[in-house]
Amino acid sequence: MSSVLYDAQGPRAKRRNVLFTVVFFAVLAALLWWVYTMLDEKGQLAWVLWKPFVGTEAWSTYLWPGLQNTLKAAALSMVIAMPLGAVLGIARLSDHRWVRVPVSVVVEFFRAIPVLILMIFGVALFSEYTNVSSDDRPLYAVVTGLVLYNSAVLAEIVRAGILSLPKGQSEAAMAVGLRKNQVMRFILLPQAVTAMLPAIVSQLVVIMKDTALGGAVLTFPELLASVGPMTGYYGANTIASFTIVALIYIALNFSLTTFASWLEGRLRRGKKSTGAVIPPAAVAGTESTGAGTGGFI
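A quick note: this is a predicted structure, and the numbers were derived from the prediction, not measured.

## Comments concerning the overall build of the protein chain
Scanning the protein chain from terminus to terminus reveals 11 helices and 0 strands. For the protein chain, the succession of helices and strands along the chain, N to C, is α-α-α-α-α-α-α-α-α-α-α. Looking at the protein chain residue by residue over its 297 residues, the buried ones come to 36%. In the protein chain, of all internal contacts separated by at least 6 residues, the share reaching a separation of at least 24 is 77%.

Right, here's the structure in full:
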């Protein structure tokens, strides 16, 4: 049976795919067995190394405080970077050159700089020109670096999402008398959000993981930074500590992507039966000849 996308596999292709599958799982099993054997030979699977994570002391003393700082830095960065990125992305689509060009320069500048350098500059900035205490300075620097870099990336996501919509959407809206800023707010953005959501969530996951840079360089006491004092207190259980921290990161990011998938599906289902509804107040006083005047900003 054939479809528009592909031809049905024949007997030889099916046998070949089964063979590849069996070989892949055999290689994977052999690799996992080799890793298990090496860890067991080095004594890294001994119960004494994993026992601290069964009790509450390791979680309350090291993991939970580090997780709180990670979530705090990530949440602050997300809350600031998302609206800032949306504003910058829309500004890059402005018809006014004096708006579009400076914003484009800012976005390209911060996209080109590694986020770690921005964090280091943030530490120097808050140290030299502000009264932020030395205890709070790492958090401020981490949030500053994440906001500057990720808002620039999110700006490009927003711009690409809006440009991906058919031109007929905006042309039809302007034909009924909407100005360009109204087209952006009521027509383009609501439709682009669904298309942009996977890319936005991917960037939010990056924000969550990049908080670890603050712990590695700026002594920010986040989740990954808790491995050092934890292994120093409980002994040489570095592998166990990194494994537990990795599982926590996986759980956090999986929860974020799962929520985003649910939200995306809900948005898509909500748009199947109805189009964009524009309140009468939005077009009140809009002249039909004024639709072509002015830019998005």
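## Focus on the packing of aromatic side chains
Tallying each qualifying case throughout the model produces 8 aromatic pairs. Residues Y62 and Y234 carry aromatic rings whose centres are separated by 6.1 Å and whose planes lie at 70° to one another, so their mutual orientation is edge-to-face. With Y62 in helix α3 (residues 57-91) and Y234 in helix α9 (residues 227-234), the pair connects residues that are 172 residues apart, well separated along the chain. You can call Y234 partly exposed: its relative accessible area is 21%. Taken together, Y62, Y233 and Y234 form an aromatic cluster joined through their ring pairs.

## Some remarks on the confidence of the model for the protein chain
Residues of the protein chain with pLDDT of at least 70 account for 88%, and the chain-wide mean is 84. A low-confidence stretch, residues 286-295 stays under pLDDT 50, and its non-local contacts, those more than four residues away or across chains, total 18 contacts.

## A few points about the packing of helix α7 (residues 167-175) against helix α8 (residues 180-217)
One way to put it is that α7 packs onto α8 with a least axis distance of 10 Å and a crossing angle of 140°. Here α7 is positioned oblique relative to α8, judged by the angle of their axes. α8 is crossed by α7, and the crossing has right-handed handedness. When α7 is examined against α8, the residues Q169, S170, A173 and M174 are found in contact with a partner set consisting of K180, V183, I187, L188 and Q191.

## Quick look at the pattern of salt bridges
Within the structure shown, the criterion is met by 5 salt bridges. For R111, the salt bridge is made with E156, and the minimal N-O distance between the two is 3.7 Å. Taken together, the positions of R111 in helix α4 (residues 97-112) and E156 in helix α6 (residues 137-163) put the pair 45 residues apart, joining distant regions of the chain. With a closest N to O distance of 3.0 Å, E156 and R159 form a salt bridge. One end of the pair, E156, and the other, R159, are both in helix α6, 3 residues apart, so they sit about a helical turn from each other.

## Here we look at the side chain of E222
Its location among the elements puts E222 in the loop between α8 and α9. Among buried charged residues, E222 stands out as having no salt bridge; its nearest opposite-charge side chain is K209, 13 Å away. At 3.3 Å, the side chain of E222 and the side chain of Y249 are in polar contact. Setting aside anything within four residues of it in sequence, one finds E222 in contact with G66, N69, T70, T211, A212, G215 and Y249.

Basis of the calculations
Residues numbered from 1 in each chain as written. Predicted model: local features only at pLDDT ≥ 70, side-chain atom pairs only at ≥ 80, totals over all residues. Heavy atoms only, no water. Helix = DSSP H or I, 4+ residues; strand = E, 2+ residues; numbered from the N terminus. Buried < 20%, exposed > 50% of the residue type's maximum accessible area, 1.4 Å probe, protein only. Contact = heavy atoms within 4.5 Å. Phe/Tyr/Trp six-rings, centres within 6.5 Å; stacked < 30°, edge-to-face > 60°. pLDDT = per-residue confidence, 0-100. Axes fitted to C-alpha atoms, helices over the stretch in contact; angles between N-to-C directions. Parallel < 35°, antiparallel > 145°, perpendicular 65-115°, else oblique. Left-handed = near helix turned anticlockwise from the far one by under 90°. Salt bridge = Lys/Arg side-chain N within 4 Å of Asp/Glu carboxyl O. Lys, Arg positive; Asp, Glu negative; His and termini not counted. Polar contact = N/O pair within 3.5 Å; in protein donor to acceptor, adjacent residues only side chain to side chain.

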